[in-house]
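Chains, contacts and geometry: an overview
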Amino acid sequence: MAECVPNRKLIAELMEKEEKRLEQETPKSYELYQRASKHMPMGVASTYHARDPYPVYFTHGRGPHIWSVEGREIVDFHNGYGCMVQGHAHPLIVEAIQKRAPLGTQFGLPTEDAIIMAEHLAGAFKLPQWRFVNSGSEATMDAIRVARAFTGRETIVKMFGSYHGHHDYVMVSIGALDYGRIGPRDDYASLPYGGGIPQSSIDLTVPVPFNDIENMTRRIERMVEEGNPPACVIMEPAMMNLGVVLPEPGFLEDVRALTKKHGIVLIFDEVKVGICTARGGAAERWGVVPDMVTLGKAIAGGTPCGAIGGTEEIMAKVNDGTVFQVGTYSGNPLSMAAARASFEQVMTDEAYAHLNALNDRIIAKCDAVCQKYDFPGYTVGISSKGCVNFALGKITDYESFIKEQDADLVALAWLYNINRGLIIAPGREEEWTLSVTHTDADVDLFVGAFEDLVRDVTA
Ligand code: PMP
């Protein structure tokens, strides 16, 4: 086991040095930030694009690379929070979009590509009925509504620390904002994630710990006894908003059995897991089929798209008109064309084999660096997704994540990467996403930057 505990003073000094270096290399981004801030809060379109003291702005991407406004070529391990597992501007996806655009991009009327995508997803995810939306948030919002209509119940259960999008139902008990108030493990608190969330919504969302079936069973059975059984359990089959936290053996099967026993709709939110880790998501990877699946991000090669899959019985609530599952842009032809090209031509068996081999390489090499320097870190990964946990103990849920993970090192790692020509998604919750266009050399660049970091913090 690693002995070398990083020195805080050294980390602070390195942070200052790397931040200065980044500032020197990004003058144009700073100019853009000043201009942007006049008309956009934080100078960005989404708070997730923001960065303190200012973000780096980008112009374009191709394959595994993106270019900053300063003209720096950067190897992309961020990949749009996992949307771009196909790599940027993949020729087959570009061709599909170019063929579709002159034929019209939006009718508010049905087209055949959506039918074909529903057929593909039904086969891959083993759920027969599908609807399309424009984002992961829309997918989880509508799936929860369908689950509520199906069960006639209002309360929902989620894992503490999980992110399922930015609507009121699920902006509860996500991050460290209120860690001091998380409460006892058997009775985690429902905490708003930011302002503007009505108390009535917060009260309807009950958090439990991931990977702890005894705890989840007790909490749900208490809810049943109190006459307040949940409509659904919404969860990522592998948590991908705490780095990557894999399900312990048997956990998903146990959740499946528990939810079935109490007539609770099990929703696997596979906005990050689906497509990026297997074409058929958790059903393919872990052999557990939920009642509903939500997809987003990588499904349509970087065009806005989400999807909701469900059983015949549950989706009958949409089919019979009980639930208005709607949206002007739902199944829009541009996203459907991109999704088809991705599913049929890009995310092939060979593509997944390539991603798996790349991930094996990055994991083995980062682990070797940790061992070489006796450094407190270890890797977790599946297919295109993975992370180095800057931690001594194993991270299995939100509590162990907060206790074990060294947030300062995560922040420093981001600076080391960008200053050495690569980028990962910012924030301690994030992980890398490899793309089918990455090569062994790209992975080795990542490992080189990681070794620089580990060598410097253990000096
Ligand atoms: N569910 C999960 C698991 C996610 O990771 C995200 C986005 N990070 C969402 C839902 C929301 O997706 P979107 O940002 O497209 O609304």
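Right, let's walk through the structure included here.

Thresholds, definitions, all that
- Residues numbered from 1 in each chain as written.
- Predicted model: local features only at pLDDT ≥ 70, side-chain atom pairs only at ≥ 80, totals over all residues.
- Heavy atoms only, no water.
- Pairing = 2+ DSSP bridges.
- Helix = DSSP H or I, 4+ residues; strand = E, 2+ residues; numbered from the N terminus.
- Contact = heavy atoms within 4.5 Å.
- 1 Å grid on protein atoms, 1.4 Å probe; cavity = no way out; pocket = protein on both sides within 12 Å on 5 of 7 lines; lining within 4 Å.
- Points joined across faces, edges and corners; volume = space filled by probe spheres on them.
- Nonpolar A, V, L, I, M, F, W, Y, C, P; charged D, E, K, R; others polar.
- Phe/Tyr/Trp six-rings, centres within 6.5 Å; stacked < 30°, edge-to-face > 60°.
- Buried < 20%, exposed > 50% of the residue type's maximum accessible area, 1.4 Å probe, protein only.
- Lys NZ or Arg CZ within 6 Å of the ring centre and 35° of its normal.
- Expected span 1.5 Å × (residues − 1).

Considering the sheet that holds strand β1 (residues 58-62)
Strands belonging to one sheet form pairs held by backbone hydrogen bonds; the direction of such a pair is parallel or antiparallel. With mixed pairing, 4 strands are arranged side by side in an open sheet as β1-β2-β3-β13. With one partner strand each, in any of the chains shown, β1 and β13 (422-423) form the two edges of the open sheet. Sheet topology places strand β3 (residues 73-76) next to β13; 2 bridges connect them, and they run parallel. From the neighbouring strand, D76 faces β13, where its bridge partner is I423.

Some words on the environment of S162
Locating S162 in the fold gives a position in the loop between β5 (156-159) and α7 (199-203). With 146 residues separating them in the primary sequence, S162 and I308 have C-alpha atoms 18 Å apart. Excluding residues within four positions of it along the chain, S162 makes contact with S173, I174, E236 and M239.

Quick word on empty space enclosed by the protein
Within this structure, the stated rule accounts for 2 cavities of 30 Å³ or more. Here the largest cavity is characterised by a volume of approximately 40 Å³. Lining the largest cavity are M117, I275, R279, I299, A339, S342, F343, M347 and Y352. In terms of residue count, helix α12 (residues 333-346) provides more of the lining of the largest cavity than any other element does, 3 residues in total. Per-class residue counts for the lining of the largest cavity are 7 nonpolar, 1 polar and 1 charged.

A closer look at the packing of aromatic side chains
By the definition in use, this model includes 13 aromatic pairs. With a centroid separation of 5.0 Å and an interplanar angle of 40°, the aromatic rings of F160 and Y398 are classed as tilted. Of this pair, F160 sits in the loop between β5 and α7 while Y398 sits in helix α14 (residues 398-404), and the two are 238 residues apart along the sequence. Note on accessibility: F160 and Y398 belong to one class, buried. The positively charged end of R148 is found above the aromatic ring belonging to Y169, 4.6 Å away from the centroid.

Considerations on helix α16 (residues 440-457)
The end-to-end C-alpha separation of α16 is 26 Å, in line with the 26 Å expected for 18 residues at 1.5 Å each. Among the residues making up α16, those that are buried are D442, V443, F446, V447, A449, F450, E451, L453, V454 and V457.

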